[in-house]
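Summary of structural features
What follows is each chain in one-letter form.
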Amino acid sequence: MGGADDRRQAVLRAIVADYVALQEPVGSKTLVERHGIPVSPATIRNDMAVLERQGLIAQPHSSSGRVPTEKGYRAFVDALHDVKPLSTPERHAILDFLENGVNLEDVLRRSVQLLARVTNQAAVVQLPTLDVTRVKHCEVVALTPTRLLLVVISDSGRVDQRNVELAAPMGEGEVHRLRDTLNGVLVGETMADAASSLSTLAESAPADIADGVERATAVLIDTLVDSSSDRLLIAGASNLTHVSGDLQGVISALEEQVVVLKLLASAQELERVSVRIGRENEDEEFSRAAIVTTAYGSDGEALGGLGVVGPTHMDYPGTIQKVATVARYISRVLRGE
């Protein structure tokens, strides 16, 4: 590629950049003046005509400038060989905010809030799934003589809490024995792997804690094993009400965890950012949106996905870099760095 083809690619990049920044159709004279392309407006108009025939740009009205199409945005993103790095102040602001997290879940909560703020889009993050993380400890706390609190802590720092109602009061010594019994089958295992051991644990438990064991294991299986990957954090959905284009369907879809989990399902490769634009998204709800996703994890294994949802005219280079930076930081936390 060279000559006219290179210039047309430069024209496409300029149209995308201007439209993202201004939300107005871009004219040939504006491109020459603003971007210093060393040809006449007439040549730019000829280039625009070629790009339009290729389906990369469109003219909303006969007398207006051009706007990028979904195909044009895709060509723009595919040509992003080197994404501009974050500035030093941007990077420091991100790290300073995230480094104040007290545990992984707090870091994830801060991450989704930060992504929503710095991209001005909606952000989503999936908490580490319990089918890939291992249980580090299960604490049992007596809230009342007949009510217990189970606190399951995974090696990724994820913390899950569940209440257990007992048929009869349980003393302090019995609570401690229940804790040791549960940890005997949970520690070092994933919740899914421990499920079979949990289901038969009450059969071999001493009579005085058998009821507590049965009720506690039922809660663990019903609420953690069967729902190990449905925890999401979402922030910034209201940002989508302030952009041009009707994204009300996207806002509604963000409230449905199943839809969002499906959205993050492809984010399973560390250090790889995926961009889906408009009708590239399988779900009708996101057919007018652009989605930038990646995965976070440790030891080469993805533990969850995160991403940003916004209009197709989003700032792709900036969004890609910010999503990637936040994911790398979360992975550092998981590695204990």
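Since we're looking at a predicted model, the values are computed, not measured.

**Topic: the sheet that holds strand 5 (residues 147–154)**
Pairing is antiparallel in the open sheet, where three strands are placed in the order 4-5-6. The outermost strands of the open sheet, each flanked by one partner alone, are strand 4 (135–144) and strand 6 (159–165). Put simply, the sheet's adjacent strands are angled 20° from each other on average, direction ignored. With seven bridges connecting them, strand 5 and strand 6 associate as antiparallel partners. Along strand 6, the bridge assignment pairs Leu148 with Val164. Its contacts with the sheet place helix 7 (residues 172–186) against strand 4 and strand 5, and it is angled at close to 155° to strand 4.

**Re the domain arrangement of the protein**
What the domain assignment lists for the protein is domain 1 (2–79), domain 2 (88–129 + 230–335) and domain 3 (136–227). The C-alpha centroid of domain 3 is placed 62 Å from the C-alpha centroid of domain 1.

**Looking at the pairing of strand 8 (residues 274–277)**
Burial along strand 8 is two-sided: Ser274 and Arg276 and Val275 and Ile277, pointing in opposite directions, are all buried. Bridge analysis of strand 8 against strand 9 (residues 289–298) gives four bridges, and the strand direction is antiparallel. Bridged to Arg276 within strand 9 is Ile291.

**Describing the packing of helix 5 (residues 88–98) against helix 6 (residues 104–119)**
Helix-helix packing is characterised by the crossing angle of the two axes and by the distance between the axes. It is the contact of helix 5 with helix 6, at a shortest axis distance of 9 Å, that shows an interaxial angle of 150°. The orientation of helix 5 relative to helix 6 falls into the category roughly antiparallel. For the pair helix 5 and helix 6, the sense of crossing is right-handed. Note on element contacts: helix 6 touches helix 5 through Val107, Arg110, Ser111, Gln113, Leu114 and Arg117, opposite Ile94, Phe97 and Leu98. Its residues assigned to classes, the contact of helix 5 with helix 6 shows five nonpolar, two polar and two charged.

**Brief notes about the pattern of salt bridges**
For the structure shown, the criterion picks out 16 salt bridges. Across the pair Arg179 and Glu139 runs a salt bridge whose closest N-O atoms are separated by 3.8 Å. Taken as a pair, Arg179 in helix 7 and Glu139 in strand 4 lie far apart in primary sequence, 40 residues in all. A salt bridge links Asp211 to Arg215; its shortest N-O distance comes to 2.8 Å.

**Quick word on the sheet that holds strand 8**
With respect to topology, five strands assemble into an open sheet ordered 7-3-10-9-8, the strand pairing being antiparallel. Because the sheet does not close on itself, it has two edges, and the strands there are strand 7 (232–235) and strand 8. Within the sheet, the average angular offset between the axes of one strand and its neighbour, ignoring direction, is 15°. Here helix 12 (residues 316–334) sits on the sheet and contacts strand 8, strand 9 and strand 10 (301–311); the angle it forms with strand 9, its principal contact strand, is near 20°.

**A few points about the packing of aromatic side chains**
Scanning all chains against the criterion turns up one aromatic pair. Measuring from ring centre to ring centre gives 5.7 Å for Tyr73 and Tyr316, while their planes differ by 50°; the resulting arrangement is tilted. Taken together, the residues span a long stretch of sequence, with Tyr73 in helix 4 (residues 70–78) and Tyr316 in helix 12 at a distance of 243 residues. As far as the burial class goes, Tyr73 and Tyr316 line up, both buried.

What counts and how
Per-chain numbering applies: the sequence of each chain, read as written, is numbered from 1 onward. pLDDT decides what is reported in this predicted model: residues at 70 or higher carry local features, side-chain atom pairs at 80 or more are listed and counted, and totals for whole chains, interfaces and linings draw on all residues regardless. Hydrogens and water are ignored here; the side-chain numbers use all heavy atoms of the structure. We call two strands paired when DSSP finds no fewer than two bridges between them. The helix count covers DSSP runs of H or I at least four residues long, the strand count covers runs of E at least two residues long, and both are numbered beginning at the N terminus. Between the N-to-C directions of two axes lies an angle of 0 to 180 degrees, each axis being a line fitted to C-alpha atoms and, for a helix, fitted only over the stretch in contact. The contact criterion used is simple: two residues touch if any of their non-hydrogen atoms lie within 4.5 Å. An automatic or database domain assignment supplies the residue ranges for each domain. The classification of residues rests on relative accessible area computed with a 1.4 Å probe and restricted to protein chains. Under 20% of the type maximum is buried, over 50% is exposed, and intermediate values are partly exposed. We call two directions roughly parallel when the angle between them is under 35 degrees, roughly antiparallel when it is over 145, roughly perpendicular when it lies between 65 and 115, and oblique otherwise. By definition, turning the near helix anticlockwise from the far helix through less than a right angle yields a left-handed crossing, and turning it clockwise yields a right-handed one. Residue polarity follows a fixed list, in which Ala, Val, Leu, Ile, Met, Phe, Trp, Tyr, Cys and Pro are nonpolar, Asp, Glu, Lys and Arg are charged, and the others, Gly among them, are polar. Here, a salt bridge means any side-chain nitrogen of Lys or Arg that lies within 4 Å of a carboxyl oxygen of Asp or Glu. Each Phe, Tyr or Trp ring (for Trp, its six-membered ring) is paired with any other whose centre lies within 6.5 Å, and the angle between the two planes then decides the class: stacked below 30 degrees, edge-to-face above 60, tilted in between.

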